[in-house]
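Here's the letter readout for the chains.
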Amino acid sequence: MIGTVFRSEDVPAADRFDYWRELIARTRSNDFISTHSAEFWGELRLLELGPATVMKVSFLPTRFRRSTRMVRQSDRELYHLTLMLDGGMALDHAGRTTEFGPHDLHLADSSRPYDFRPANDRERRVVRGIGLDIPKALLPLPPHRVRELLNRRLSGQEGIGALLSDHLTGLHRHADTLQPADAPRLGKAVLDLLTAWLAQLLDADAALPPETRQQALTERIRAFVQQNLHDPELTPTAIAAAHNISLSYLHRVFRQQTEGETVAAWIRRRRLENAHRDLANGSLRRTPVHTIAARWGYPRPSDFTRAFRAAYGMSPTEHRLRALAEQE
């Protein structure tokens, strides 16, 4: 396991808010204000991934305020990305207020003051989110272009934004199995995804170094594939056409960025992984196997059964029965 874990119940009640505040202050300098500080509840997992710091937080409504004075006194020159998972927050900046809810992303600059506060600080409702801190010097995009995206509500449900959101939540879902040696590689992967997403939003691929531009293209392809896995006509040829590149260039770029895995193999693996997950989902137990197969791009049940058995050594029905029995 990597990272630091905090649960408020592990700390005496009188110390909970201060201790939680100290942990978050490792990555950012803010004023922390909460009407619930006397009876605070919160959980935090802090992952140090080489150049990137990723934290998953759950807390009673708290206000995060960074003043001009704090910027002058200390600035680590970071971009802060926040992914909202549950609850609501609002950002007061430059005379305007922007509200954020589940699946929204927003980018802030540690060199600029901000006031990030609960949408309703009186309600005792837990706010959940994931934060990402990246040194600004590592982002290969012109700062004046990045400023166009600061403090806006950005979608975490489409394109590379959805891929980035899934990656951030997946890091914490599997945090207990990660090893310290994994950290630098995982940090680079997060930085590549963030760069690709911002470049897509800004239509700024041309400003990226060649290696990063190639990675950005790969991430766009991944996002396109993920959103179209249900389509049985999703082929390498269709993907190349959608991205205005040749089929040979698609194969070359993809192999370089995925350690030799072909586009077709990656599509097949993602389809089977999603079907494998859905078949083990108790809430989908009444959904026919062939419906789940069609949902993930296998309109012919026989093709799905053959591919599933080759990948997992059992039929889809056998996997479902075994997985559901283990949940009882």
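The paragraphs below set out a description of the structure included in this document. (Residues numbered from 1 in each chain as written. Predicted model: local features only at pLDDT ≥ 70, side-chain atom pairs only at ≥ 80, totals over all residues. Heavy atoms only, no water.)

### Observations concerning the overall build of the chain
The secondary structure content of the chain amounts to 12 helices and 12 strands. Relative to a compact globule of 328 residues, whose C-alpha radius of gyration would be 20 Å, the chain shows 22 Å and is just as compact. Here the chain, with 328 residues, has 48% of them falling under the buried criterion. A separation threshold of at least 6 residues defines the contact pool for the chain, and within that pool the share at least 24 residues apart is 72%. Side-chain charges in the chain split into 46 positive and 40 negative, and the spacing between the mean points of these groups amounts to 2 Å. (Helix = DSSP H or I, 4+ residues; strand = E, 2+ residues; numbered from the N terminus. Rg over C-alpha atoms; globule rule 2.2 N^0.38 Å. Buried < 20%, exposed > 50% of the residue type's maximum accessible area, 1.4 Å probe, protein only. Contact = heavy atoms within 4.5 Å. Lys, Arg positive; Asp, Glu negative; His and termini not counted. Charge placed at Lys NZ, Arg CZ, Asp CG, Glu CD.)

### Things to note about the pattern of salt bridges
Per the stated rule, a full pass over the model turns up 19 salt bridges. Among the ionic pairs, Glu273 bridges to Arg269, the shortest N-O distance being 3.1 Å. Here Arg269 and Glu273 lie together in helix α9 (residues 263-279), a separation of 4 residues that amounts to about one turn. A relative accessible area of 34% places Arg269 in the partly exposed class. (Salt bridge = Lys/Arg side-chain N within 4 Å of Asp/Glu carboxyl O.)

### Focus: the environment of Asp278
Looking at the element boundaries, Asp278 is found in helix α9. The spatial distance from the C-alpha of Asp278 to the C-alpha of Val289 is 9.5 Å, given a sequence separation of 11 residues. In terms of polar contacts, Asp278 uses its side chain to reach the side chain of Arg295, at 3.5 Å. (Polar contact = N/O pair within 3.5 Å; in protein donor to acceptor, adjacent residues only side chain to side chain.)

### Description of the nonpolar core
Counting residues in hydrophobic clusters, the biggest one holds 40 residues, and the most contacted among them are Leu81, Leu194 and Trp197. Mapped onto this core, the elements with two or more residues apiece are β3 (42-49), β4 (52-59), β6 (78-86), β9 (104-109), β11 (127-135), α4 (159-173), α5 (183-202) and α6 (210-227). Broken down by element, the residue count for this core peaks at 11 residues, all from α5. If we skip the residues at most four places from it in the chain, Leu81 touches Leu105, His106, Leu107, Ile130, Gly131, Leu132, Leu164, Leu168, Leu194 and Trp197. The next biggest cluster of nonpolar side chains, apart from the first, holds 25 residues, and it includes Val253, Leu272, Ala275 and Phe308. (Core = buried A, V, L, I, M, F, W, Y, C linked by side-chain atoms within 4.5 Å.)

### A few points about the packing of aromatic side chains
The full count for this structure, using the stated rule, is 14 aromatic pairs. On the numbers, 6.3 Å between centres and 75° between planes, the contact of Trp20 with Phe32 is edge-to-face. Of this pair, Trp20 sits in helix α1 (residues 16-24) while Phe32 is found in strand β2 (residues 31-33), placing the two residues 12 residues apart along the sequence. Its relative accessible area of 9% is what places Phe32 among the buried residues. For the ring pair Phe100 and Phe116, a centre distance of 6.1 Å and an interplane angle of 70° mean the geometry is edge-to-face. With Phe100 in strand β8 (residues 96-100) and Phe116 in strand β10 (residues 114-118), this residue pair connects regions lying 16 residues apart in the sequence. For the pair Phe100 and Phe116, a shared accessibility class is recorded, and that class is buried. Three or more aromatic residues link up through ring pairs in this structure, and these residues are Phe17, Trp20, Phe32, Phe40, Phe59 and Phe64. Above the ring of Tyr79, the side-chain terminus of Lys136 is found at 5.9 Å from the ring centroid. (Phe/Tyr/Trp six-rings, centres within 6.5 Å; stacked < 30°, edge-to-face > 60°. Lys NZ or Arg CZ within 6 Å of the ring centre and 35° of its normal.)

### Details of the side chain of Ser110
Looking at the element boundaries, Ser110 is found in the loop between β9 and β10. A distance of 2.8 Å separates the side chain of Ser110 from the backbone nitrogen of Leu78, its partner in a polar contact. When near neighbours in sequence (up to four residues on either side) are disregarded, Ser110 contacts Arg66, Val71, Asp75, Arg76, Glu77, Leu78 and His80.

### Side note on the sheet that holds β10
With respect to topology, 5 strands assemble into an open sheet ordered β2-β5-β10-β7-β8, the strand pairing being antiparallel. What marks the edges here is a single partner per strand, and that holds for β2 and β8. Shown here is a sheet whose adjacent strand axes are inclined to one another by a mean of 20°, direction ignored. Across 4 bridges, the pairing between strand β7 (residues 89-93) and β10 is antiparallel. The residue of β10 that forms the bridge with Met89 is Pro118. Contacts between α1 and the sheet are confined to β2 and β5 (63-66), with β2 contributing the most and set at about 145° to the helix. (Pairing = 2+ DSSP bridges. Axes fitted to C-alpha atoms, helices over the stretch in contact; angles between N-to-C directions.)

### Thoughts on the sheet that holds β6
Strands sit in the order β1-β3-β4-β11-β6-β9-β12 across an open sheet of 7 strands; the sheet is antiparallel. Edge strands, defined here as strands with exactly one partner in the open sheet, are β1 (4-7) and β12 (154-155). With 7 bridges connecting them, β4 and β11 associate as antiparallel partners. Looking at β11, one finds that Phe59 is bridged to Val127.

### Quick notes on α9
Here α9 is 17 residues long and its end C-alpha atoms lie 24 Å apart, about the 24 Å a rise of 1.5 Å per residue gives. Taken together, the buried positions of α9 are occupied by Val263, Ala265, Trp266, Ile267, Arg270, Arg271, Leu272, Asn274, Ala275, Asp278 and Leu279. (Expected span 1.5 Å × (residues − 1).)

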